[in-house]
Amino acid sequence: MKDSLDGGEPADTVDARLGARLAELRAEHGWSLGELAERSGISRSTLSRAERAEISPTASLLNRLCHVYGRTMSQLLSEVEAAPALLVRAADQPVWEDRSSGFVRRSVSPPQAGLRAEVVEGRLTAGADIAYDRPPVPGLEQHIWVLDGALDVTVQESEHHLDAGDCLRMRVWGPTRFRCAGPDEVRYVLAVVLP
């Protein structure tokens, strides 16, 4: 059994529900694994293994799938987590971890019907570097506020260095990259608003 995520439920339970949801989304669109592979640029074998929860999907893989399905990563993850309440206690904020890249995300204010914004706490370990080849939803508005450490963010071809207290505001139309720029972990708030 995999470790639990920050005291929450076991990781394998989340991975199993996430895999099942990915399979449901593909079926809802009437796509074969081959068709989804063509649309996402992810191999059929990787897609199959993710749907069967044989692997824990990386943030980059989920981002590609979110782009194909037209939803944010938080929307996708919220579909496999309990429905959010109006008040989200710290202990009830879902945590997801991409161990291979050193990325941990806490859904501080998860997506909810009727609301367009969400708030995520991100943490990247020293040296962590995550590249997304496209936004999950074109034109997605993001505000990144660094709480501790330093973060380098590349938006398309523009590079931005953020230290504690700095905030980067943007609409995402193309590739982005998040890199922990310091010797220690970086912790930041990501506010996401659907177009």
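Everything numeric here is computed off the predicted structure, so don't read it as measured data.

Caption draft 1: How the structure looks around the packing of aromatic side chains. Scanning the model with the defined rule gives four aromatic pairs in all. Aromatic pair Trp31 and Tyr69: ring centres 5.7 Å apart, planes at 15°, arrangement stacked. Of this pair, Trp31 sits in the loop between helix H1 (11-29) and helix H2 (33-40) while Tyr69 sits in helix H4 (residues 59-69), and the two are 38 residues apart along the sequence. A centroid spacing of 6.1 Å and a plane angle of 80° characterise the contact between Tyr132 and Phe178, whose relative ring orientation is edge-to-face. Of this pair, Tyr132 sits in strand S4 (residues 129-132) while Phe178 is found in strand S9 (residues 176-180), placing the two residues 46 residues apart along the sequence. In this structure, Tyr132 and Phe178 share a single accessibility class: buried.

Caption draft 2: A look at the side chain of Ser40. When you line up the elements, Ser40 lands in helix H2. The exposure class of Ser40 is buried, given its relative accessible area of 1%. Setting aside residues up to four positions removed in sequence, Ser40 forms contacts with Leu47, Arg64, Leu65, Val68 and Arg134.

Caption draft 3: Quick peek at the sheet that holds strand S6 (residues 150-155). Ordered by their spatial adjacency, four strands build an open sheet running S4-S9-S6-S7, and the pairing between neighbours is antiparallel. Where the open sheet ends on each side, the last strands, each with one partner, are S4 and strand S7 (158-163). The average angle at which neighbouring strand axes cross in this sheet is 15°, direction not considered. Sheet topology note: the S6/S7 ladder contains six bridges and is antiparallel. Pairing of Val155 across the sheet is with Ser158, part of S7.

Parameters at a glance
- Residues numbered from 1 in each chain as written.
- Predicted model: local features only at pLDDT ≥ 70, side-chain atom pairs only at ≥ 80, totals over all residues.
- Heavy atoms only, no water.
- Phe/Tyr/Trp six-rings, centres within 6.5 Å; stacked < 30°, edge-to-face > 60°.
- Helix = DSSP H or I, 4+ residues; strand = E, 2+ residues; numbered from the N terminus.
- Buried < 20%, exposed > 50% of the residue type's maximum accessible area, 1.4 Å probe, protein only.
- Contact = heavy atoms within 4.5 Å.
- Pairing = 2+ DSSP bridges.
- Axes fitted to C-alpha atoms, helices over the stretch in contact; angles between N-to-C directions.

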